[in-house]
Amino acid sequence: MSGFPIGLIWLIVVLYRAYANSRGSEPAAPRRVGGASTGSVLSRPLSIDGRHLLVWFVGSVAVLGALAAARNAPVVATLVLCATSVALFPWLLTRYVLIPLKWRRASSALARLALWTFRHDPGAGPMLAEALVLTRKYPAPEREIARLESRLCEPTSRTMRGASITAHGLLAMSKGQFDRARWAFESLEMLHPLAAPAVARRIGSRFRMATAAASGDWKSLERLAAGYGRLTRSAWFYGALARWHLGRRTIPLALWLRVTWALAPGRRRSRAWLNAAIAGRRTSEGDAEKPAMLPEWSHAVIAPFDEALRRHAALAIARDGPAASEAWRACAAAWRAVFDDHRSSEHVKERGRELGVVKLEEALGLFGSSVRHDLASEARRPGIDHEDLSAGGPVGSWVAAYLIEEDLRDIEFRVQAIEERQRAKTILPIGDVWLEVAALHTKFEESAHRLGEPFVCAACPVIGGVVLNHAAEIYNNRGERPIANATFRWLARCAERAGNAELFRICDENGALGF
Amino acid sequence: MSVVSPGAYARVLTNPFIVLGLPPNASPAEIERQGQRLLLQLGAGRDGAATYVSPVGPGTRTPDLVRWAVDQLRDPRRRLFHELWAGVPPR
Amino acid sequence: MPGGTPLYVGIDLGTTNSAVATFDGEVCALARNSSGGSLTPSVVRIDSRGNVTVGARARRFLETDPANTRAEFKRLMGTAGALSFAASATARTPEELSAEILRSLRSDVREATGIDPERAVIAVPAMFELPQSRATAEAARLAGFESVELIQEPVASALAAGCPTVNPAGAWLVYDLGGGTFDASLLEARDGLLRVVAHDGDNFLGGRDFDTALLDWVLGELSRRNGVTLERKDPAVAAAARSLKLAVEDARIDLTRVERATIATSSPLVVSGREIEVDIAIDRATVEALCAPIVRRSIEVCTRLLSDNGFEPGRIERVVLVGGPTVMPLVRQMLREHLAASLADGEDPMTLVARGAALFAATFGLDARPKTEPVPPAAGAFPVWIHAPTVTADLQPYLLGRLGEGSGRATPAFIRARRSDGGWTSAELPVDSEGVFEMQLLLVSRATSVFGLEATAADGSLIPLNPGTVSIVHGSTVGDPPLSRTIGVALADDRVRPFFERGAALPAKRTFVQHTVSTVIPGREGSAIRIPIVQGEFDAAHLCRPVGTLEIRAEEIGAHLPAGSVVEITLTLDRAGHLAARAHLPQIGKTFEHVEHLVLPDAPPAKLEASLTSLRDRLAVLRAAAFAGRDTEAIRRLGGAERLLVDAARDLDAARGGDEDAAQKVRRNLSDLDAVVDEEEANRSWPEFVSETLGLLAAASQWVAAQGNDTERRMLGEAMAAVRSALDARAAESVRRHMRVVNQLACASYFRHPKAWSWELDRTAAEIDRASDRDEAERHLRRGRDAASKGDVDGVRAAVQALWRLLPPDVEANTRVYDSGLR
């Protein structure tokens, strides 16, 4: 019975994966006011059904039988094991064998059998598998991508759910449209846990974490990794990476970082981050990276302009992430010192008079305005959030107000576009309809994170009415209930943050209708 | 001089004084002469003239950029603006 | 570089007269035409056989054959319409007519110098709009020029006036009163560099208006004497008025020399069958009285130009007079009175512009000679490329040289420059490893310096160079010609994204990233991305003038494009008025390029009439409000606007009589008027807006204080602070945004009041007529009232919300300015 221990280990691994599959996929449930629960009035029960049970039962019997007969009839046993693997774990095979081999049709066919994996989005498995294959092909095969996209948007009895959205995102990525990919992947968080397969969520969250790591936004990365769930390898690695960079002492060992990296998928690409992190730790003593030297000027500059200009240049070349955040704060403080200093302003006015500038006050006002606009433009970089803005004094609050205005204007335009389209009764493919809402969601959340509560309060009335009607229309007229439900849930969260009880009530009620 | 921000990097990199490699107290004649000289060098394909040093790193000179820089410094108002960004020297 | 003396050609394409000048590096001369004059009248005639006559010969027919002779088409440049010629049954656009004149000038140069010029500089009025500049460049192309640069007329005249002076310094004003346009330019001269500070002017003010004023007076006199009513707008009179006009013009010119003159036509006028003798005596005083208001308008423009740029009239060093009408003593007298400046005399005001344009061509090195084959180097001569300025104000300019391929000959190792007059020799400078040498030369002040280059090899032997000499002129130069008006793209929310600021140096190129506003769907009619390009200094796009539109139709895009897609727009503007627009859509990876066919919008009298009426109404409202409020400042400002309105009305009459030029003028004036009235209305309505907002804030804070919770009170406080700061900054849009939050908070608190829904029920009941389904609405209303009587708040709320769904929403039709598809 030498095969038995191996078989046991294998069975344990497989059961563990099934467990992780069903548990690790739920995002943290949002806090609710009024105690409305998440899924108590769903119209469909949990999706274990007879087919799954039958397959497992037969499969388990076959496996045990094969293991028992391993020594006696190895060939048959092997064949039986293979067949049952295919039947029990079609997705594993697709994901780790067929997709890396880039066999599009085979992956699609096998993914059709993955009923359990795609129980939350039946029918979308083949297309997700195809999308994964197409992203690996280089250069991107345009015709095939276009064909898959139109198939995704075909009106069928199937509604658009997590796997379809993820497929859209992957196709956008292979076309190089990273904006659209980001909207699609970030929109997965809107969906109800039972409307998106765990596979789709994993892919989406890996993309988001990789993007955050690439731009050096460690705070967001930590948040994402923690929010996603602790039982996935990517989240382990990225979480550890983020905590490492932020200097948290919970995971001090470099070994742990290496281990999680080795376990996580996508090793080739994340190796660079691993090395950078460990190298950074070796050269510096403290937790944070050592501040870079301030740029030098080739001639003497009057104080306090010299400090401000140096800080401005330092901000320009600072790396995204905590370095940019620190540089921004320092720059804002330095310019505040300049604006407060009377002696240097007299000096400047004198120089203006020397040059023969007319309307001197206006000209100096223009300079101050240019400083503020530069700071506002830099404040959009990843790593700078509303804490930095509020620490910036009057300049910081000007920048915050300015960014709120700009972002509100952007949101207004997007909402207006949705409204116009509704009024004109234009029918778009459902993928594009969802991506429009997803773009709005991304923009909103990004601005909310950067600008905090004032933005949310001001933006909520803008999006409330129109998006609610839009979602209702999708629900009623187009029958795409899961994504409409997702929109209701998101709006309810927004309304809650903005303190809009009426809107919250309506959205909560609509959300409770389920899909 | 509109208030559209080019970003901090472009702001420092494309400051006319820095592009021309002159201090902020350069005289108008010096500015014209340096501009002419750089244009001639760029026209002749001199390698040294094509890059310049700035506090945020090296930049590339093109004839259009040099002409723009010289023109910006002719108007007193714009010159004051650029002097402030290049760093007004103390007396 | 072709050897021999260079030829630089400058052209003044005037409304009444045109001229062409040549400059060879030393002497600037005017090219005479076939009649022997240096001025060629801008008149074109096409006879029945299709032969084209230009100039003085054509002008003779202006009176006798007006249907086939056209003059003063410069003001129509850039419009789309063509002028018809009856006898040959053809029509020509203004560009084609200008091309005829340019062709004639070109052959004059060929006669004078033996060279057919390929390149030239043409002077255009400083305030020419982009379509007009483009039309000028197009005319040059039609005339056979390979390439052309445009320069503003005042800059050209300043350059010509400045050249002979030893050391021009200080502020100059160029007063250019031409046949059709008036330009005032403020320049500053320093260290030999002429810099344009600002332009101002009026595209519809010139000698022609003097003639029009005199004409009106003459018609008045004739009416009085003959007991008929003769008015310019009467089409029957228009025909006769042409011959009168010529007589009037001649008389006006005579009166600059003598005190009295007579206006008489060779044959009597025929109006509606009646013969009217024309023999009217006129004296200088009358002319001056008639022309004084026009001259005063031009001086107003000058004083405005000075004050806008912080110059007092006393600071002007010199006033340069350009244009025929400036010889009138009245003009000089009024200028001396108002500007207290010394007038530059001794220059022929009619030819300054052409000469300045030729000098400008030299500054750019725009040689008019055809590019010849490079002369094969003489045996033993080493080829070298010389880079040096042609004209410079710097007495010690740099020169750069790059050695070419020697093909086996000994390579020069040292270079020396020797000035031909023997006054200066450079040191011996080494050639570096790249084959480049750089040296600083010393010029002769205010003259042309010729330098001979001597090269020696490493062994000391002399090597002749090809070319062996360099010629540099020391004189005034002008900076790159600046743009006269800001050019930008109009965005959907009535804002403008400026691409090229006023005063920016040309050529210029700029790229901005914008986003689309609506979804573009191929196959849907009218679905396109429109990128309107506008010109003007206003923040509001609708006050700026449209210059052209880049339209990307849905079919060209292929796939449908969702709203919010990125559009990268690049605008390129060159000195010849060519505006190239390019839009790149990264989402679909396509780029759309158009060279703008810029055309001035047409001005049908009906449309102008409508604008005029609406402006009149708006002005009336403002006037009434100003009087009621006893706002003297506003009354004064409105007075100026009303004068513009009267002028516009009068010109509209002439436009109805077929005067295309007057129609364009009315369009321009109404557009300016629109801006003034807009500003006044904004000023008026702001205090009302403020008080309305504060009232709403007060009501909101009452409700929230009474019914709201702590969070809501705090949020209201923050929102109110934001509203107040927006009010201080006069940002109406921002105020509206934050008021939305305030409203929402107020509503939330309001509806907590037990009676609130009942009040809403009553209010909605009053509007029940607008419901889409009246019966349904009645039913809901009844249910609501039942619920109210029972005290069932939820029932009342349900009923009210059902009613709301039946009432039509208040939809604000969002008309986008110029139909812009961008934000």
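These figures come from a predicted structure and were not determined experimentally. (Residues numbered from 1 in each chain as written. Chains lettered and ligands numbered in written order. Predicted model: local features only at pLDDT ≥ 70, side-chain atom pairs only at ≥ 80, totals over all residues. Heavy atoms only, no water.)

**Some thoughts on the overall build of chain A**
Counting its secondary structure elements, chain A contains 24 helices and 0 strands. Classification of the 515 residues of chain A by burial places 51% in the buried group. Taking the contacts inside chain A whose residues are at least 6 apart along the sequence as the reference set, 68% of them involve residues at least 24 apart. For chain A, the accessible area works out to roughly 24,200 Å², and carbon and sulfur atoms hold 60% of it. (Helix = DSSP H or I, 4+ residues; strand = E, 2+ residues; numbered from the N terminus. Buried < 20%, exposed > 50% of the residue type's maximum accessible area, 1.4 Å probe, protein only. Contact = heavy atoms within 4.5 Å. Areas by Shrake-Rupley, 256 points an atom, 1.4 Å probe, with all protein chains shown as cover.)

**Thoughts on the nonpolar core**
Among the nonpolar cores identified, the biggest contains 160 residues, and Leu128, Trp335, Phe444 and Ile463 of chain A are the most heavily contacted of them. Ranked by residue count, the leading element in this core is helix H22 (residues 453-478) of chain A, at 14 residues. Aside from chain neighbours lying at most four places away, what touches Leu128 of chain A is Trp91, Phe118, Ala163, Thr166, Ala167, Leu170, Val199 and Ile203 of chain A. One finds Ala240, Leu269, Ile280 and Cys302 of chain C within the second-largest nonpolar core, a separate group that totals 53 residues. (Core = buried A, V, L, I, M, F, W, Y, C linked by side-chain atoms within 4.5 Å.)

**Some points on the packing of helix H17 (residues 342-355) of chain A against helix H6 (residues 76-86) of chain B**
In contact at an axis separation of 9 Å, H17 of chain A and H6 of chain B are set at 150 degrees when each is read in the N-to-C sense. Judged by the sense of rotation from one axis to the other, the crossing of H17 of chain A with H6 of chain B is right-handed. Residues Val348, Arg351, Gly352 and Leu355 of chain A of H17 of chain A form the contact with H6 of chain B, whose own contacting residues are Pro76, Arg79, Leu80, Glu83 and Leu84 of chain B. Class assignment for the residues of the contact of H17 of chain A with H6 of chain B results in 5 nonpolar, 1 polar and 3 charged. (Axes fitted to C-alpha atoms, helices over the stretch in contact; angles between N-to-C directions. Left-handed = near helix turned anticlockwise from the far one by under 90°. Nonpolar A, V, L, I, M, F, W, Y, C, P; charged D, E, K, R; others polar.)

**A look at the environment of Arg258 of chain A**
On the secondary structure map, Arg258 of chain A appears in helix H13 (residues 254-263). The exposure class of Arg258 of chain A is partly exposed, given its relative accessible area of 37%.

**Details of the interface of chain C and chain A**
Each partner contributes to the interface: chain C provides 32 residues, whereas chain A provides 32 residues. The contact between chain C and chain A buries some 2,800 Å² in all, and 46% of this surface belongs to carbon and sulfur atoms. Taken as a group, Arg737, Gln744 and Arg823 of chain C account for 21% of the area that chain C buries against chain A, more than any other trio of residues on that side. Our count for the contact surface shared by chain C and chain A stands at 7 salt bridges. Remark: the boundary between chain C and chain A carries 10 residue pairs in polar contact (both at pLDDT 80 or more). Elements with a minimum of two residues in the side of chain C that touches chain A: helix H15 (710-728), helix H16 (732-750) and helix H19 (793-806) of chain C. Among the elements that make up the side of chain C that touches chain A, the one with the highest residue count is H16 of chain C (7 residues). When the residues that make up the side of chain C that touches chain A are grouped by side-chain class, the tally is 8 nonpolar, 11 polar and 13 charged. (Buried area = accessible area lost by both parts, 1.4 Å probe. Salt bridge = Lys/Arg side-chain N within 4 Å of Asp/Glu carboxyl O. Polar contact = N/O pair within 3.5 Å; in protein donor to acceptor, adjacent residues only side chain to side chain.)

**A look at the sheet that holds strand E28 (residues 465-466) of chain C**
The 4 strands are arranged E25-E22-E20-E28 (chain C) in an open sheet whose pairing can be described as mixed. Here the strands that pair on one side only, and so sit at the sheet edges, are strand E25 (436-440) and E28 of chain C. The sheet contacts of helix H3 (residues 28-44) of chain B involve strand E20 (382-387), strand E22 (398-403) and E25 of chain C, and relative to E22 of chain C the element is tilted by about 10 degrees. (Pairing = 2+ DSSP bridges.)

**Some details on the confidence of the model for chain B**
Detailed reading of the predicted coordinates is not advisable wherever pLDDT falls low. Across chain B, the average pLDDT comes to 89, with 97% of residues at 70 or higher. The spread of mean pLDDT over the elements of chain B runs between helix H4 (residues 47-50) of chain B, the lowest at 85, and helix H2 (residues 16-20) of chain B, the highest at 95. (pLDDT = per-residue confidence, 0-100.)

**Points about the pattern of salt bridges**
Evaluated as defined, the whole model comprises 88 salt bridges over all chains. With a shortest N-O distance of 2.6 Å, Glu354 of chain A and Arg351 of chain A are connected by a salt bridge. Of this pair, Glu354 of chain A and Arg351 of chain A both sit in helix H17, 3 residues apart, roughly one helical turn. Given the relative accessible area of 47%, Glu354 of chain A is considered partly exposed. We classify Arg351 of chain A as buried; its relative accessible area is 16%. The partner of Asp65 of chain C in a salt bridge is Arg45 of chain C, and the shortest N-O contact between them spans 3.0 Å. Taken together, the positions of Asp65 of chain C in the loop between helix H2 (61-64) and strand E7 (69-71) and Arg45 of chain C in strand E5 (residues 43-46) put the pair 20 residues apart, joining distant regions of the chain. Judged by its relative accessible area of 17%, Asp65 of chain C falls in the buried class.

**What about unusual backbone geometry?**
Excluding glycine, residues mostly have negative phi values, and the peptide bonds linking residues are mostly trans. Cis geometry is found at the peptide bond from Tyr138 of chain A to Pro139 of chain A, where omega equals 0 degrees. Along the chain, Pro139 of chain A falls in the loop between helix H6 (125-136) and helix H7 (142-152). Each neighbour pair has its own omega, and for Ala303 of chain A with Pro304 of chain A the value is 0 degrees, a cis peptide bond. Along the chain, Pro304 of chain A falls in the loop between helix H14 (267-283) and helix H15 (305-317). Of note in the backbone geometry, Glu72 of chain C takes a positive phi value of approximately 55 degrees without being a glycine. The residue Glu72 of chain C is located in the loop between E7 and strand E8 (83-85) in this model. Glu72 of chain C sits in the buried class, given a relative accessible area of 19%. We note that Asp494 of chain C has phi near 70 degrees; this positive angle belongs to a residue other than glycine. Inspection of the secondary structure assignment puts Asp494 of chain C in the loop between strand E31 (487-490) and strand E32 (496-500).

**A word on the packing of aromatic side chains**
Inspection of every chain in the model, using the stated rule, returns 23 aromatic pairs over all chains. With a centroid separation of 5.5 Å and an interplanar angle of 45 degrees, the aromatic rings of Trp686 of chain C and Phe689 of chain C are classed as tilted. Here Phe689 of chain C and Trp686 of chain C lie together in helix H14 (residues 660-707), a separation of 3 residues that amounts to about one turn. Here Trp686 of chain C falls in the buried class, since its relative accessible area comes to 15%. One aromatic cluster is present, built from ring pairs that chain together Phe305, Trp335, Phe339 and Phe367 of chain A together with Phe81 and Trp85 of chain B. Lying across the ring of Phe61 of chain C, Arg45 of chain C places its NZ or CZ 3.8 Å from the centre. Lying over the aromatic face of Trp172 of chain C, Arg318 of chain C brings its terminal NZ or CZ to 4.9 Å of the ring centre. (Phe/Tyr/Trp six-rings, centres within 6.5 Å; stacked < 30°, edge-to-face > 60°. Lys NZ or Arg CZ within 6 Å of the ring centre and 35° of its normal.)

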